[in-house]
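Descriptive analysis of the structure
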Amino acid sequence: MMMRKKDEHMPLVSIIVLTYLQRHILNECVDSILEQDYPNIEIVVCDDSSADFDCDEVRDYLAQHKKDNVSNIVVYKHKHNVETVMNAQKGVELSSGSFFKLHAGDDMLYQKDSISRAMKYFDDSQTMIIAGLERACQHDGTLTDHYYPSYEARRLMKAADAYHQFEMMGTQSWDEYINAPSVYWRRDFFNQMGGFDPRYKYTEDWPMWIKITESGTKITIVDEIFTVYRYGGISNDQSTLNLDIGKQHYEECVRMLKDEVLPVFKTNTMRKKIFRCKHCIRILEIRRETEGIWENWNTLEKIYWRLKNIPFLLTAWAYRKRKHGLTINKKKIAAVAVLFLILYAFHVRAYPLGEIDAVWAKAFFVVVAWLVFQVGLTICMRIINKVLDLQKRN
């Protein structure tokens, strides 16, 4: 096997692995870093006081398997749990590369040239931060066909300037436009931004994207897959511990939108953005209230909750239709209308009621009226979308 040699003429890139109770899959993570073809890499492993983490064991594994292109290894374990944000900040402080990437201890780099492909975008001295794609895998490492962010999210972010990126990320109930596992940083810029906000414990990324774009710096979006993201963690692990952490994460997101985003919209008197941001806050509050317990509610409790939240549900429906459009199964509706027409034409009896032609006729007209209403609503939504799109351009 050809050994990859360190090239000191290439800028040092630090891959900062953040871990917590992930020792059982950490080797798979660091192996994906050790096989990289980039010639000047620093590996930093920063653990948030896990019971299963032994610094000497991890350091020995890295030293035994590293190639010549790994310039430095740092392994650190906090004496007590400091949570996500402070663990990430400490990892950055321990690193020394001119560029760096934060990397979860259960994720993997996508291909052997992932770092090399990322670094080519920094040839442009105006590029401060890049955000690529990630491909999801199951907990056992099996790759899925799920890619994040979505094509539409990337398209919108690439076309937007810094402030419009701020608007989009400040009116979205979940940080769908940028996925932190596929972000690479220029260190000088990170330092200029003041690092991660210590007011948050579990949410290092979304407040940072808001801070960056509000400052007038555009986040460079690239169509490259850099990372394999393993399902699990705050976003989709339903364990009791993670549900509790997830609820605190939602609370931090709500606070961030209220403290960092709403004041900007209010200062600029942006009524639509204010309304949308408040709706996003409500979505996060509902997630915090219902996640992990909704499935345990009985039918009456769910109906009662929906009745209490009718205004919110109608607003959410309108935003979904604005984004995705209306879908009408015209064939099924037409088939039901034809069925009622046949029942009427043949005077089909409905025992024990006898002939009820009037019922079939009324049912037919109700279905037809529903179809007409749906088609009309679709046309109205298209017209509204076109008007709103024109307003955006202007």
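What you see is a predicted model, and the numbers here were worked out from it, not measured in a lab.

**Some thoughts on a nonpolar patch on the surface**
Taken together, L300, I303, L307, I310 and L314 make up a surface patch of nonpolar side chains, about 510 Å² in accessible area. For the nonpolar patch, the secondary structure elements donating two or more residues are α11 (299–308) and α12 (310–324). Secondary-structure assignment places L300 in helix α11. By relative accessible area, which is 67% here, L300 ends up exposed.

**Topic: the packing of aromatic side chains**
This structure, assessed with the given rule, holds 14 aromatic pairs. Seen from their ring centres, F100 and F190 are 5.2 Å apart, and the 90 degrees between their planes marks the pair as edge-to-face. You can see F100 sitting in strand β4 (residues 99–104) and its partner F190 sitting in helix α7 (residues 187–192), a full 90 residues away along the chain. In this pair, the class of F100 matches that of F190, namely buried. Geometrically, the ring pair formed by Y229 and Y231 is edge-to-face, given 6.1 Å between the ring centres and 85 degrees between the ring planes. As far as burial versus exposure is concerned, Y229 and Y231 are alike and both buried. A connected cluster of aromatic rings, assembled from ring pairs, spans F100, W185, F189, F190, F196 and W209. A cation over an aromatic ring shows up here: K90 above the ring of Y76, its NZ or CZ 5.1 Å from the ring centre.

**Structural notes on the environment of G97**
When you line up the elements, G97 lands in the loop between α3 (83–94) and β4. Remark: the alpha-carbon pair of G97 and V13, spanning 84 residues in sequence, is separated by 4.8 Å.

Procedures and definitions
- Residues numbered from 1 in each chain as written.
- Predicted model: local features only at pLDDT ≥ 70, side-chain atom pairs only at ≥ 80, totals over all residues.
- Heavy atoms only, no water.
- Patch = residues over 30% accessible without salt bridge, like charges linked within 9 Å, V, L, I, M, F, W, Y side chains within 5 Å.
- Areas by Shrake-Rupley, 256 points an atom, 1.4 Å probe, with all protein chains shown as cover.
- Salt bridge = Lys/Arg side-chain N within 4 Å of Asp/Glu carboxyl O.
- Helix = DSSP H or I, 4+ residues; strand = E, 2+ residues; numbered from the N terminus.
- Buried < 20%, exposed > 50% of the residue type's maximum accessible area, 1.4 Å probe, protein only.
- Phe/Tyr/Trp six-rings, centres within 6.5 Å; stacked < 30°, edge-to-face > 60°.
- Lys NZ or Arg CZ within 6 Å of the ring centre and 35° of its normal.

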